[in-house]
Amino acid sequence: MSKKLVNSPEDAVDEALAGMVAVHPGLRLLEGHRVVVRADIASVVKEGKVTLLSGGGSGHEPAHAGFVGQGMLSAAVAGSVFASPPPASILAALRAISSPNGGTLMIVKNYTGDRLNFGIAAERAKAEGMKVEMVIVAEDTALPSSGKKAGRRGLCGTILVHKIAGALSEQGATLEEVVKAAEKVAESVATMSVSLSPCSVPGHKPSFHLQEDEMELGLGIHGEAGAQRTKLQPANKVVARMLDHLTSQEPGYQYFKPEPGMEVALVVNNLGGTSNLELSLVANAAIRYLVDRMGLKVERAYVGAFMTSLEMAGVSLTLLKLFPKCQQLLDYLTNAPGWPNTAKDFLVRCDTSKVPSSERESGDGLVQETKTDPKSAIGVALRGCVERVCGVLCDAEGELNALDRGGGDGDCGSTLKAGAQGIKQAVPFIDWDTPHKALLAIAGCVERDMGGTSGALYTLFLTAGSKCLLASDPSNPLCWAKALQEGMEAIMKYGKASVGDRTMVKNSHNQNIRTYVHECIA
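Residues numbered from 1 in each chain as written. Predicted model: local features only at pLDDT ≥ 70, side-chain atom pairs only at ≥ 80, totals over all residues. Heavy atoms only, no water.

**Here we look at the packing of helix H5 (residues 158-170) against helix H6 (residues 175-188)**
For clarity, the cut-off: A fitted line through C-alpha atoms represents every axis, and for helices the fit uses only the stretch in contact; the resulting angles, taken between N-to-C directions, go from 0 to 180 degrees. Counting from the N terminus, the helices are the DSSP runs of H or I reaching at least four residues and the strands are the DSSP runs of E reaching at least two. Each angle is binned into one of four classes, with values under 35 degrees roughly parallel, values over 145 roughly antiparallel, values of 65 to 115 roughly perpendicular, and all other values oblique. By convention the crossing between two helices is left-handed if the near helix lies anticlockwise of the far one by an angle smaller than a right angle, and right-handed if it lies clockwise. We call two residues in contact when some of their heavy atoms are within 4.5 Å. Think of it as three bins: nonpolar holds Ala, Val, Leu, Ile, Met, Phe, Trp, Tyr, Cys and Pro, charged holds Asp, Glu, Lys and Arg, and polar takes everything else, Gly as well.
Where H5 contacts H6, the axes come no closer than 9 Å and their chain directions differ by 155°. When the axis of H5 is compared with that of H6, the two are roughly antiparallel. Judged by the sense of rotation from one axis to the other, the crossing of H5 with H6 is right-handed. Residues Leu160, Val161, Ile164, Ala165, Leu168 and Ser169 of H5 lie in contact with H6, whose contacting residues are Glu177, Val178, Ala181, Ala182, Val185 and Ala186. Each residue belonging to the contact of H5 with H6 can be placed in one class, and the counts come to ten nonpolar, one polar and one charged.

**Here's the deal with the pairing of strand S6 (residues 132-137)**
What counts, and what does not: Pairing between strands is defined by DSSP: at least two bridges between them are needed. Looking down the strands as they point away from the viewer, one classifies a crossover as right-handed if the path from the first strand across the helix to the second runs clockwise.
As paired strands, strand S5 (residues 104-109) and S6 are joined by six bridges and run parallel to one another. Of the residues in S6, the one forming a bridge with Leu105 is Glu133. What joins S5 to S6 is helix H4 (residues 112-127), and the crossover it makes is right-handed.

**Notes on the pattern of salt bridges**
Note that side chains of opposite charge can pair when their charged atoms are close. Going by this rule: Salt bridges, as used here, are contacts in which a Lys or Arg side-chain nitrogen is within 4 Å of a carboxyl oxygen on Asp or Glu. Any residue under 20% of the maximum accessible area for its type is buried, any over 50% is exposed, and the rest in between are partly exposed; the area is computed with a 1.4 Å probe on protein chains only.
One pass over the full model with this rule turns up 16 salt bridges. The salt bridge partner of Glu47 is Lys49, with a shortest N-O separation of 3.1 Å. Judged by its relative accessible area of 52%, Glu47 is exposed. Residue Lys231 is joined to Asp213 by a salt bridge in which the shortest nitrogen-to-oxygen separation is 2.8 Å. Note that Lys231 is positioned in strand S9 (residues 228-231) and Asp213 in the loop between strand S7 (189-195) and strand S8 (214-217), a separation of 18 residues in sequence. The class for Asp213 is partly exposed, based on a relative accessible area of 37%. It is possible to trace a salt-bridge network through shared partners that takes in Arg38, Asp40, Glu47, Lys49 and Glu170.

**Details of the sheet that holds S6**
If you trace the six strands from one edge of the open sheet to the other, you get S1-S2-S4-S3-S5-S6, paired in mixed fashion. Lying at the two open borders of the sheet, with one neighbouring strand each, are strand S1 (27-29) and S6. Going from strand to strand, the sheet's axes swing by 25° on average, the running direction of each strand aside. Docked against the sheet, H6 engages strand S3 (51-58), S5 and S6, running at close to 10° with respect to S6.

**Topic: the sheet that holds S8**
Read from one edge to the other, the open sheet built from six strands follows the order S9-S8-S7-S12-S10-S11, with strand pairing classed as mixed. At either end of the open sheet lies a strand with only one pairing partner, and these are S9 and strand S11 (297-304). Each strand of the sheet is rotated relative to its neighbour by a mean of 20°, with strand direction disregarded. In this sheet, strand S12 (residues 314-321) lies alongside S7 in antiparallel orientation, the contact comprising seven bridges. Looking at the pairing, Thr191 lines up with Thr318 of S12. Where helix H8 (residues 276-293) meets the sheet, its contacts fall on strand S10 (263-270), S11 and S12, and the angle it forms with S10 comes to roughly 155°.

**Re the state of the cysteines**
In plain terms, the rule: Two cysteine sulfurs form what is called a disulfide whenever their separation falls within 2.5 Å.
Under the definition given, this model contains zero disulfides. No disulfide involves Cys468; its sulfur sits 6.4 Å from the nearest other cysteine sulfur, which is in Cys479.

The structure is reproduced here in structure tokens:
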């Protein structure tokens, strides 16, 4: 059974909804039901605006309660985890947001339970005299459906229907206009997902299993089987496969036909357990592929958790063909807590251009543009020494990582290898006959390629030590002893570590090294 931070599986949904409302003053809970409603719903109804209702099983947060607010949904109804809400709660939500003059639109994902339960509630509401319409969202592209929507699941594209329909409603559009726009979005949106790990309902074991080196393309948000299970690949290849599948024109698919110059909106959705670093990396890969390979114009891009699957690791990519006024409606202000509001001044098309840098190259330009071989004895010795050290560090990556896992994050070997590889690439271009320049060049490589705390410490060490080689004769061992001492003092000054602490300072100040330095200086 997977670990969950809950009090009890039975109370998890109710307590989560209570927390959602507690931290967002614009939301209210409907008494006796798992329904979140806009706090200002009375004024919305009084103004005769169209009201919007959506919902589904819990476990997909922030969907759907996170999209309740001005400019989006009027209410959202939640079922148990991965279970459709009951008709009684849906009907209670319809009654709470009933707008006699405006009417109500229900936006429903294409799952049998949701279609049936929302349909039952809609018919009962109509029997009570309410004006209710329903739009089904079925934009999954994972599996072939031969032109039918029955097998296509409603996924993250549903939130774009919320956004555009909600903006129109807020502007005072009629129910007919809102329904028409919602249907247009539902027809113009497509989603493809990839999963790296399963999820588990509170109180239960994971619903499926993936090997450490496996991923599954097209998995559903409840763990339903996807299109293909395959070996894990680099992010760029995964993104390319997802977008190629999403835009496939093979028989049985043909859900989204890209045309050069077409304007689109992109949603990179976190399925629940994916880091922000990975999300941004995927977003970059997706935008590059859409623009450079497919010739599309990515006018809007949204990255974050929109429709999750508990703790599932993975992402989904959603594309929306933009139609007239679409961007304006996407940009329309909303206070729904789950929507990523952006400052109005920055609502422009995606721009991947870079600001020119005025910084000099690493090592203050001391890595030369042309290859050069050392001519002096000290230059030959220094280059040989550095090459041997770099080789040893690369070979010891696994061993050093294993040692680091005992008291750190297990990446020491990989960090040192990255720095060593950077130095090895620069070796032919370093002026080894001028040792202080050589140390500064190595420091630049370490700073650029090693990174992290280790990179900073070694950069300090080498930079401080180089001053001694500039001021003294580097052929004299005393000069190198002083350089070692200067380097260690710089690390202790800025790193705040002292001899006796369990740091690299302790190892660098062991008895043999200190004895050698003191003997040279004496």
